[in-house]
Amino acid sequence: MNLKIIWMDFVYSIKGWYRSKGGMFWSLAFPVILILLFGAIFSGIGSSKYTLYVQDKDQTEMSRMFNATLNGTKLFTINVVKADVNASAFIKEKNIKSLIVIPDGFEQTIQESFTNPSARVDLQFYFDPSEQTTTQVIRSVISSILQEMNKNLSHAKTIIGVQEISTITENFNFIDFFLPGMIGFTIMQGAIYGSIERNTKYRKDGILRKLLTTPITRTEWILAKMLFMMFLAALTTALITIIGILVFGMTVNISAWVIIIIIATSFLFSGMGMLIGRFVKEEETADTAAGAISFPMMFLAGTFFPLEQMPGFLQTIAHVLPLYYVNEALRNSMIYLNQNESLLNGVVVIIFAGVFFISGVLLTKWKED
Amino acid sequence: MIEQRFKCPNCEQIASFYGNPGEHLVVTCSACHLKGRLTIPHAEQNNGHAIEVSHLKKIYGDLIAVNDISFSVKNGEVFAFLGPNGAGKTTTVEMIESIRQPTAGSIQLLGKDIKTHFNDVKEKIGILPQEFHSFERLTVRETLVYFSNLFKKKADVDQIIQSLDLTSHKNMLYRNLSGGLKQRVGVAISLVNDPEIIFLDEPTTGLDPKARREVWGVIAGLRKKGKTVFLTTHYMEEAEFLADHIAVIFKGKIIAEGTLEDLIRNYGKSSVMHIKKCVNAPEVIEMLKQEGYDEVSSEGNGDIAIKIDYKERVLDILSHLKHDCIEYESLDIRRSNLEEVFLRLTGSKLTEDAA
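The shown structure was predicted, so the numbers you read here are calculated from the model rather than taken from an experiment.

Enquirer: Would you take a moment to explain the overall build of chain A for this structure?
Expert: A tally of regular secondary structure across chain A gives 15 helices and four strands. For 369 residues, the compact-globule estimate of 2.2 N^0.38 gives 21 Å, and chain A exceeds it by more than 25% at 27 Å. For chain A, the spread of C-alpha atoms along the three principal axes comes to 90 × 45 × 35 Å. Within chain A, buried positions represent 34% of all 369 residues.

Encoded structure:
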């Protein structure tokens with residue numbers, strides 16, 4: 001193996017990439033734009049609070065305590081509605097999306113509950129069904145507050161559900177979820193399309209035929225290209241991580257294991273690109289095929305949204321997609337610091353990488369039929 | 001000592017020179033006294049043949065793309081493999097370059113069987129594949145350095161740039177070059193290892209006439225340097241202009257082979273003398289017929305066509321015209337060409353439409 005040739009090819013690949021505005025955009029600018037955009041939309045840059053109207057018909061210490069707890073979450077901009085106003089009419093008149101009514105007798109019913117177990121009081125939550133996200137957030141927050149109050153008042157045992165809600169809403173933001181997904185997605189795109197370019201465009205342009213008649217071996221050439229892919233993967237990972245830390249104040253753990261996952265991801269998707277290029281030989285068709293594979297994978301593998309928000313059958317599909325395991329391995333290692341979970345998913349990534357890359361190398365050929 | 005044939009680029013006189021493999025000679029044309037440099041190629045026990053192809057065959061399903069062809073290419077000659085699109089030219093050259101696997105037959109390059117010794121031969125051949133486009137975002141010089149670094153034996157890249165008149169373009173990106181310049185760079189890439197044999201697969205296809213002439217100039221320069229050039233083309237004027245030896249391939253078979261003169265002599269028509277705007281053309285035609293010129297005909301407007309069987313007849317006709325004080329506007333002799341040869345051999349024209 002001639003290391004000088006591998007190094008030279010690597011250096012010239014960087015030169016070519018550096019001179020390509022498109023290459024630079026898709027490798028660096030595009031992920032940066034996406035992460036800033038999605039981060040701004042979902043992670044509380046600018047106006048992030050939900051507007052909530054509250055009508056306290058009870059006006060007691062207990063109802064004021066509930067109000068104070070709502071305020072304490074800092075998730076809402078709370079507007080007080082006078083107690084004598086008709087809630088339904090007010091909503092129609094002012095086009096209100098979310099309103100909570102604390103009914104008259106709220107405190108009294110709670111006090112009765114100490115002696116009468118069947119006593120019950122219901123808050124009224126008016127909501128706009130078209131505002132699904134807002135409604136869901138408000139509903140979950142109210143639910144957690146009420147559970148906490150019930151628990152304190154009845155001296156019941158700790159309710160697990162409260163703890164779960166607390167974990168998700170308080171410790172991690174959307175950006176924490178999104179950043180590792182963005183890294184996995186960017187590496188996937190670069191590796192698949194880079195591999196396809198090498199196997200279809202270079203074939204069409206006669207470069208593969210030319211190389212076949214020179215002393216460079218296929219192994220040397222593929223290794224040189226993998227070196228370049230890993231360089232790009234390292235660059236994009238570093239860039240995305242720096243933005244996460246500096247712009248969104250994230251705490252990101254970069255370890256040797258994360259680097260191993262990133263290297264395995266580069267091999268995995270380069271192999272996938274080789275296989276696409278092997279069976280779809282025309283450049284344009286291969287690009288379309290790559291898009292048809294990578295685009296749905298991007299959405300289905302939990303890159304942008306948690307798998308739990310998807311219907312059950314889509315969650316099942318996600319579990320056969322390599323990008324899902326990449327996302328989970330990176331997320332658990334970089335953000336959640338759940339190394340066991342990361343290890344489990346990372347091993348699946350390495351197995352996928354082995355299968356796809358070896359198949360790609362074995363099935364790709366430079367010789368013509 | 002081995003023989004190296006040399007065609008003078010000025011007067012086209014062919015002469016033989018002798019030297020040791022790799023030896024550089026300063027030679028002088030015996031006809032026009034033009035001086036030039038010549039390198040004796042490395043013969044390597046190849047009996048003077050750089051390429052030897054024997055019973056080569058390539059079959060795809062029911063299609064016989066190359067049908068049992070045999071030929072050889074001498075050291076230092078420009079060998080043109082001429083045929084219409086789809087005749088089997090590229091399939092053949094790609095089997096010789098080991099890009100495609102032959103169905104049957106044997107190929108020797110520089111005396112070595114490529115089945116077993118292609119890796120040894122790689123260092124000694126240079127290839128310009130058909131429709132080749134190099135890395136778009138490398139400059140001309142970077143491109144040449146890249147390919148040069150793949151080989152152990154390296155020619156001086158700057159010298160190649162200079163000799164192919166690429167100096168003013170050496171820092172331009174490949175993607176910004178014109179079609180003609182791209183092809184010139186392609187030829188330059190094939191020279192980076194100072195090869196003994198250069199394969200150029202349709203190097204001028206798609207180029208405009210000016211760019212085509214530029215590439216011809218480059219190929220003629222390679223011949224001057226004593227390189228063996230294997231050229232595939234469907235342009236008959238390209239083969240006529242450049243080749244020492246021509247093989248005509250049609251539907252996977254070689255249907256004729258030899259020098260241009262051989263092919264015209266064996267398969268073409270005789271030459272024809274045309275006298276333009278001759279005064280009293282009917283009387284002149286009658287006079288020539290009486291002198292024994294059977295194939296004389298009128299072409300209208302006073303133009304006369306006379307078949308010339310052998311060159312002495314030209315002088316006879318000229319002396320008759322002078323003796324009888326016959327006035328005419330102009331006179332020319334048209335030689336039969338490869339187009340006519342191809343037409344006679346195949347019944348179809350050798351044009352791009354022929355495919």
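Read on, since the account is not over.
Enquirer: Where do I start with the interface of chain B and chain A in this structure?
Expert: Quoted interface sizes are often the accessible area lost when the parts come together. Between chain B and chain A, the residue contacts involve 25 residues of the former and 19 residues of the latter. Looking at the side of chain B that touches chain A, the elements with two or more residues in it are β10 (125-128) and α3 (140-149) of chain B. Residue composition of the side of chain B that touches chain A, grouped by class: eleven nonpolar, six polar and eight charged.

Enquirer: For this particular structure, what's the right way to read α3 of chain B?
Expert: Structurally, the α-helix is built with 3.6 residues per turn, so residues lying three or four positions apart point the same way. Most of α3 of chain B sits out of view: eight of its ten residues are buried. Where α3 of chain B is concerned, the buried positions are V140, R141, E142, T143, L144, Y146, F147 and S148 of chain B. Those residues of α3 of chain B that are buried are in contact with α1 (3-18) of chain A together with α4 (157-163) and α5 (179-189) of chain B.

Enquirer: I'm lost on the pairing of strand β18 (residues 330-334) of chain B in this one. Help?
Expert: Here is the key point about a regular strand: its side chains alternate between the two faces of the sheet. Residues and elements named next belong to chain B. The buried fraction of β18 is low, at zero of five residues. Pairing of strand β15 (residues 271-276) with β18, which is carried by five bridges, proceeds in the antiparallel orientation. Paired with K276 across the bridge in β18 is S330.

Enquirer: Help me out: how do you make sense of helix α10 (residues 218-248) of chain A in this one?
Expert: An ideal rise of 1.5 Å per residue puts 45 Å on 31 residues; α10 of chain A measures up with 43 Å between its terminal C-alpha atoms. Residue G249 of chain A follows α10 of chain A closely and has a positive phi angle near 60°.

Enquirer: Explain the domain arrangement of chain A to me, please; I cannot follow it from the model alone.
Expert: When its domains are assigned, chain A resolves into domain 1 (3-43 + 173-363) and domain 2 (50-171). Taking the mean C-alpha position of each, domain 1 of chain A and domain 2 of chain A sit 45 Å from one another.

Enquirer: Where do I start with the packing of α5 of chain B against helix α6 (residues 209-224) of chain B in this structure?
Expert: The geometry of a pair of packed helices is captured by two quantities: the angle between their axes and the separation between those axes. Residues and elements named next belong to chain B. Remark: α5 packs on α6, axes separated minimally by 9 Å, with the N-to-C direction vectors making an angle of 15°. Overall, the two elements α5 and α6 adopt an arrangement that is roughly parallel. The way α5 lies across α6 gives a crossing that is right-handed. Judged by residue contacts, G179, G180, Q183, R184 and V187 of α5 engage A211, E214, V215 and V218 from α6. Classifying every residue of the contact of α5 with α6 gives four nonpolar, three polar and two charged.

Enquirer: What's the story with unusual backbone geometry in this structure? I'm lost.
Expert: Phi is mostly negative for residues that are not glycine, and the peptide bonds are mostly trans. Residue and element names in this part refer to chain B. One non-glycine residue, D165, adopts positive backbone phi at about 55°. Classification of D165 by C-beta neighbours within 10 Å gives partly exposed; the count is 14. One non-glycine residue, K277, lies in the positive phi region at around 50°. With respect to the helices and strands, the residue K277 is situated in the loop between β15 and α9 (281-290).

Enquirer: What is the right way to look at the sheet that holds β15 of chain B in this model?
Expert: Whenever strands of a sheet pair, they do so through backbone hydrogen bonds, lying parallel or antiparallel. Residues and elements named next belong to chain B. Ordered by their spatial adjacency, four strands build an open sheet running β16-β17-β15-β18, and the pairing between neighbours is antiparallel. Where the open sheet ends on each side, the last strands, each with one partner, are β16 (296-298) and β18. Between one strand axis and the next, the sheet turns by 20° as a mean value, whatever way the strands run. Note: β16 against strand β17 (residues 304-308), three bridges, orientation antiparallel. Directly across from S297, in β17, lies its bridge partner A305. Where helix α10 (residues 312-323) meets the sheet, its contacts fall on β15, β17 and β18, and the angle it forms with β17 comes to roughly 145°.

Cut-off values and rules
- Residues numbered from 1 in each chain as written.
- Chains lettered and ligands numbered in written order.
- Predicted model: local features only at pLDDT ≥ 70, side-chain atom pairs only at ≥ 80, totals over all residues.
- Helix = DSSP H or I, 4+ residues; strand = E, 2+ residues; numbered from the N terminus.
- Rg over C-alpha atoms; globule rule 2.2 N^0.38 Å.
- Buried ≥ 20, exposed ≤ 12 C-beta atoms within 10 Å, placed from the backbone.
- Contact = placed C-beta atoms within 7 Å.
- Nonpolar A, V, L, I, M, F, W, Y, C, P; charged D, E, K, R; others polar.
- Pairing = 2+ DSSP bridges.
- Expected span 1.5 Å × (residues − 1).
- Domains from an automatic or database assignment.
- Axes fitted to C-alpha atoms, helices over the stretch in contact; angles between N-to-C directions.
- Parallel < 35°, antiparallel > 145°, perpendicular 65-115°, else oblique.
- Left-handed = near helix turned anticlockwise from the far one by under 90°.

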